[in-house]
Amino acid sequence: MPNRPAAPALPRRDQIRKEAARLFAARGFLGVGVDEIGKAVGISGPGLYRHFAGKDAMLADLLVGISERLMEEGRRRVGEATGPQDALNSLVDGHIDFALDDRDLITLHDRELLHLKEEDRRRVRRLQRGYVELWVGVVREAFPPLAAASAEPVARSAVHAVFGLLNSTPHSAAPRPPHGSPAGSAGPAGSTADQGERGDRAERAGLARDSMAALLRALAQGAFAAAAAEVEG
């Protein structure tokens, strides 16, 4: 077997973010303690306070951070696009990547936003409004029938519908392997064959990533085309 360099370890703060998101999504913000998050990253619970002021700060960091990231990435994609349709394609692809690769954060946003402090919750909402406005503007440029003032509510509704579609992927994409249990590895839960069988069943329970991405892309573009056709009709 050729020697392969080990993947670089995540910085400790990023490790904490990742494990906090996973645990909050699996058990709920109120159902997870600081000690458990610390154990997941190999440090004592009190040691977490060198990186975050507390559990509330971790949740705020996750939810405000992803809202900022989506906004910044969306602006970058639009700025680098060669035209409205290219910008829309890039926005759709970027949000699909987020939806498929950051499922824990989608779950957190759906369930735990109410646990943010009011100031952080307002900040998330402000960033979300900006992200929606970015999409609405691009959609109206990409589909001329939606550019009319009277068609703005239709374009906005289509954008929200597409977000709902894309953000539903935690419930429809193929389940990921259990944390710390690579597919096909033997362990306490059973033999390699047993785990392989479970992996096959999990794969049948949802689409693989590439297939899901292609389906979401087609459905999103179809939704915007349908909105434009509704206005024209």
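Since we're looking at a predicted model, the values are computed, not measured. (Residues numbered from 1 in each chain as written. Predicted model: local features only at pLDDT ≥ 70, side-chain atom pairs only at ≥ 80, totals over all residues. Heavy atoms only, no water.)

Visitor: With reference to specific residues and values, describe the packing of helix 4 (residues 84-101) against helix 9 (residues 209-232).
Guide: The description of two packed helices rests on the angle between their axes and on the distance between the axes. Contact geometry for helix 4 and helix 9: axes closest at 10 Å, N-to-C directions at 135°. Comparing their axes, helix 9 and helix 4 come out oblique. In the packing of helix 4 onto helix 9, the handedness of the crossing is right-handed. Counted together, Gln85, Leu88, Asn89, Val92, Asp93, Ile96, Asp97, Leu100 and Asp101 of helix 4 and Arg209, Met212, Ala213, Leu216, Arg217, Ala220, Gln221 and Phe224 of helix 9 form the full contact between these two elements. Here the residues of the contact of helix 4 with helix 9 sort into nine nonpolar, three polar and five charged. (Axes fitted to C-alpha atoms, helices over the stretch in contact; angles between N-to-C directions. Helix = DSSP H or I, 4+ residues; strand = E, 2+ residues; numbered from the N terminus. Parallel < 35°, antiparallel > 145°, perpendicular 65-115°, else oblique. Left-handed = near helix turned anticlockwise from the far one by under 90°. Contact = heavy atoms within 4.5 Å. Nonpolar A, V, L, I, M, F, W, Y, C, P; charged D, E, K, R; others polar.)

Visitor: So what's going on with the confidence of the model for the protein? Residues and values would help.
Guide: Of all residues in the protein, 80% have pLDDT values of 70 or greater, and the mean over the chain is 83. Helix 6 (residues 118-142) holds the highest mean pLDDT among the elements of the protein, 97, whereas helix 8 (residues 192-204) holds the lowest, 42. Predicted confidence for residues 1-7 stays below pLDDT 50, and this span has zero contacts to residues more than four positions away or in other chains. Note on residues 177-205: pLDDT is under 50 here. Beyond four places in sequence and across chains, it has 19 contacts. (pLDDT = per-residue confidence, 0-100.)

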